[in-house]
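Chain and residue survey
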Amino acid sequence: MTEQLVVDGPEAGWTSVVSGHLRWIEGQLDGLGLPTERSDELRARLLAVQVRAADPRLRVAVFGEASSGKSTLLNAFLRRRLLPSSALVTTRTTTVLEYRDGAQGLMVRTADGPLLEWPSAPFTTWAGRGRGRESGPDTLERALQQVLTTALADEVASLRVFSPVRLLGGGVTVIDTPGFNVTERGHRELAEAAARQADMALVVVPAVAAMSLTLVDFLTGPLRDHHDRCVFVLTKLDLLDEDERSEAVAVVERRLRDLGCADPLLLPCSPGKALAEVEAVGVRGSGGSGGSGHLASFLEVEARIAQLAADSRRSAVAATTLGLLSELLSAVEETAEARRTALGRGERELAALTLPDFPAFLDTWAARTRHRAATELNPGLNRTSPQSRTTLEVKVGNAVAGERINDLVGAAEEVSRLVRNHLRQDAQQAVRRAAKRAGEVLTTAAAELARDFEAQYSALVDLAGETRTAPPVPPVVWPEPPAPDMSGIDRALSAIGTQLTASGKWRTGGGAMAGALAGGLVVPGIGAVVGGVLGALIGRRGPDATREQFLQQVSPVIATAHEEIGALAACLPRVEENLTESVAAIRRQYDDEWREEIARLTAAHDGRRAELAAGIAHAEQTAAAARRRRDEVASLRRHTSRSVPNPRSRDQ
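To start, this report covers the structure provided alongside it.

Parameters at a glance
Residues numbered from 1 in each chain as written. Predicted model: local features only at pLDDT ≥ 70, side-chain atom pairs only at ≥ 80, totals over all residues. Heavy atoms only, no water. Buried < 20%, exposed > 50% of the residue type's maximum accessible area, 1.4 Å probe, protein only. Helix = DSSP H or I, 4+ residues; strand = E, 2+ residues; numbered from the N terminus. Polar contact = N/O pair within 3.5 Å; in protein donor to acceptor, adjacent residues only side chain to side chain. Pairing = 2+ DSSP bridges. Axes fitted to C-alpha atoms, helices over the stretch in contact; angles between N-to-C directions. 1 Å grid on protein atoms, 1.4 Å probe; cavity = no way out; pocket = protein on both sides within 12 Å on 5 of 7 lines; lining within 4 Å. Points joined across faces, edges and corners; volume = space filled by probe spheres on them. Nonpolar A, V, L, I, M, F, W, Y, C, P; charged D, E, K, R; others polar. Core = buried A, V, L, I, M, F, W, Y, C linked by side-chain atoms within 4.5 Å. Phe/Tyr/Trp six-rings, centres within 6.5 Å; stacked < 30°, edge-to-face > 60°. Lys NZ or Arg CZ within 6 Å of the ring centre and 35° of its normal. Parallel < 35°, antiparallel > 145°, perpendicular 65-115°, else oblique. Left-handed = near helix turned anticlockwise from the far one by under 90°. Contact = heavy atoms within 4.5 Å.

Next up on the list: helix 5 (residues 121–128). Turning to helix 5, its buried residues number three or more, namely Phe 123, Trp 126, Ala 127 and Gly 128. The N-capping residue of helix 5, defined by a side-chain oxygen 3.3 Å from the backbone nitrogen of Phe 123, is Ser 120.

One open sheet holds the nine strands; their spatial order is 4-3-5-2-6-1-7-8-9, and the pairing between them is mixed. The two strands at the open ends of the sheet, each matched to only one other strand, are strand 4 (115–118) and strand 9 (265–268). Each adjacent strand pair in this sheet contributes to an overall mean axis angle of 20 degrees, direction not counted. Where strand 1 (residues 58–63) and strand 6 (residues 172–176) come together, five bridges link them in parallel fashion. By the bridge assignment, Arg 59 is partnered in strand 6 with Thr 173.

The calculated volume of the largest pocket comes to roughly 730 Å³. Lining the largest pocket are 29 residues, and of these Arg 59, Thr 94, Val 96, Ile 175 and Gln 197 sit closest to its centre. Every element with two or more residues in the lining of the largest pocket is listed here: helix 3 (36–54), strand 2 (95–99), strand 3 (105–110), strand 5 (156–163), strand 6, helix 7 (187–197) and helix 11 (294–352). Looking at the lining of the largest pocket, its residues break down into 14 nonpolar, five polar and 10 charged.

In terms of nonpolar packing, the biggest core is built from 75 residues, with Ile 25, Leu 106 and Phe 123 touching the most fellow members. Counting 29 residues, the second largest nonpolar core, distinct from the first, contains Ala 194, Ala 195, Met 211 and Leu 237.

Another aspect to go through is the packing of aromatic side chains. With the rule as written, the count across this model stands at eight aromatic pairs. On the numbers, 5.6 Å between centres and 35 degrees between planes, the contact of Phe 77 with Phe 298 is tilted. Residue Phe 77 is found in helix 4 (residues 70–78), and its partner Phe 298 is found in helix 11; the two are separated by 221 residues along the sequence. Residue classification places Phe 77 among the buried residues on the basis of a relative accessible area of 2%. For Phe 298, a relative accessible area of 1% translates into the label buried. Aromatic ring contacts, followed pair by pair, group Phe 358, Phe 361, Phe 453, Tyr 590 and Trp 594 into a single cluster. A cation over a ring is seen here: Arg 100 above Phe 162, with NZ or CZ 4.0 Å from the ring centre.

Turning our attention to the packing of helix 10 (residues 271–281) against helix 11. For the pair helix 10 and helix 11, the least separation of the axes is 8 Å and the interaxial angle reads 110 degrees. Relative to helix 11, the element helix 10 lies roughly perpendicular. Note that helix 10 runs across helix 11; the crossing there is left-handed. On the side of helix 10, the interface is formed by Pro 271, Lys 273, Ala 274, Glu 277 and Val 278, while helix 11 contributes His 294, Leu 295 and Phe 298. Broken down by class, the residue content of the contact of helix 10 with helix 11 amounts to five nonpolar, one polar and two charged.

Let's shift gears to the pairing of strand 6. Here strand 6 lies mainly inside the structure; five of its five residues are buried. What you see with strand 6 is no split at all: Val 172, Val 174 and Asp 176 on one side and Thr 173 and Ile 175 on the other are buried throughout. Note: strand 2 against strand 6, three bridges, orientation antiparallel. By the bridge assignment for strand 6, Thr 95 is matched with Asp 176.

Once that is clear, we can look at the environment of Val 476. Locating Val 476 in the fold gives a position in the loop between helix 14 (408–463) and helix 15 (487–501). The spatial distance from the C-alpha of Val 476 to the C-alpha of Ala 447 is 9.7 Å, given a sequence separation of 29 residues. Ignoring any residue separated from it by four or fewer positions in sequence, one finds Val 476 in contact with Leu 442, Thr 443 and Ala 446.

Here is the structure:
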């Protein structure tokens, strides 16, 4: 007894069991959160099971290879050559044959939706489109010929044929399938789909080419679960000699047993010959069992099939419906497992891409930027170039060229001005270089912060199920570089000048003292140095010798001054301080603008993870329940199949 039988009561029949499982499936589809396409697919299959369970008619599907005699067999059942031969049929759908009391016709549903019925004006218009015809086919045979064997076949989605002949007894629907050895236009797929819907299968086996590899493949594939409900019709027996017929029957029966058909029902006949006799004596003369020859044999086969259909109707319909339900439950199980896998992957991704500590994220960036600045703002950025030193030496040489050195005060003023201005310019350039590099470091770091934050923020937003835009790169506001502090240079040069003017080589009397005094009055520090040099030189030598000695002695002074510029330390702390303040400002900007948003997304992330965890648990439970229900339905189906009358039992 299945779980659903307990719910519906111990006396419930199989239809109640099916209804209970379908209600459960429908409830699960609402709770799994499936993509629309997959949900619609499963609901369509669910509806198909509902429709099948509500239809009491027995569906008998006729299978066979192309040119096996399948169409001829059906025409013999109909007592007329209604269906075109399989070699001409090009339709992409199966043909459903149904009984209609006292009337005949066909109903076509085209691929684009319209439902057309013959005879009718819409059908005539459709059938005559592009053919210059104003009138449609005047017989059902011609209508079927046109629908099944012309270009119209490409437009056919479904085809139903109504006949006043009760095929294989009352309440039977016969499904004519395309030959399954034809791979074009999906014929085999159509036959396989019909096999899943069939309550009973008539397998047409031509005696002249029995048990081909294609037929064996179909019997062990799509029909492997239908062996207990298969009837094998051995056709074209008239093409064999009489002494070969019994041997052919024995060979086919033995081969079927080898394929797993424990007790196959094999019915030999010649439908083509029987149909010819019907046409010769008329339909009325063939109605009873009084036919002769091939017709009599065929009528006996037909009666056997009709009796089996009547005996097995309810159990066969139940077995088919339960089979479809079992397949649906398998699909639900697979879908739930896939959903669980997808949710688990999403949960892992969400856990990996979250921003659990936003302040720490910003602090790490700030520390990394400050470290980079300290590394790159090294003393090498502030060293003056050899070209700068050479330029200053040339300027100094020009200032004392010719008779200019004779003007002690003027030469002192000019050399002092040149040295100070040149060194100040070098100091300013050094500060600008440091400030520019600090700005570059900050700009690059800000862009990296925006990129890293956008990547993590976008991932968090996506996994939280929202759509938001990450912040743009924050503007980098960099102040003007600080003015260089020359006090250190002045002190250094004063010390050097004092040392030089106090040395023995410069002590030559009043000239040196007068020069130092004059230089000191012009510019402190440098003036003392330059004036001392000039005074000493003028007091002892002529202009040329004085100029040469002056240039030799002033060069170390200039070099020492340049070294002081290279070791400039008063401005760099201010550059680094400005950089630190800018880093802190960017950090505050992110923290002020996005702290609450990150906290909200983190909370949404936690909620989403909780939802995913609940979804994973639900999917696991659904898969397990679907598996358990599928096993129960499969067991019930096996029991139902065993209740189908044994086709051979009527012979015993």
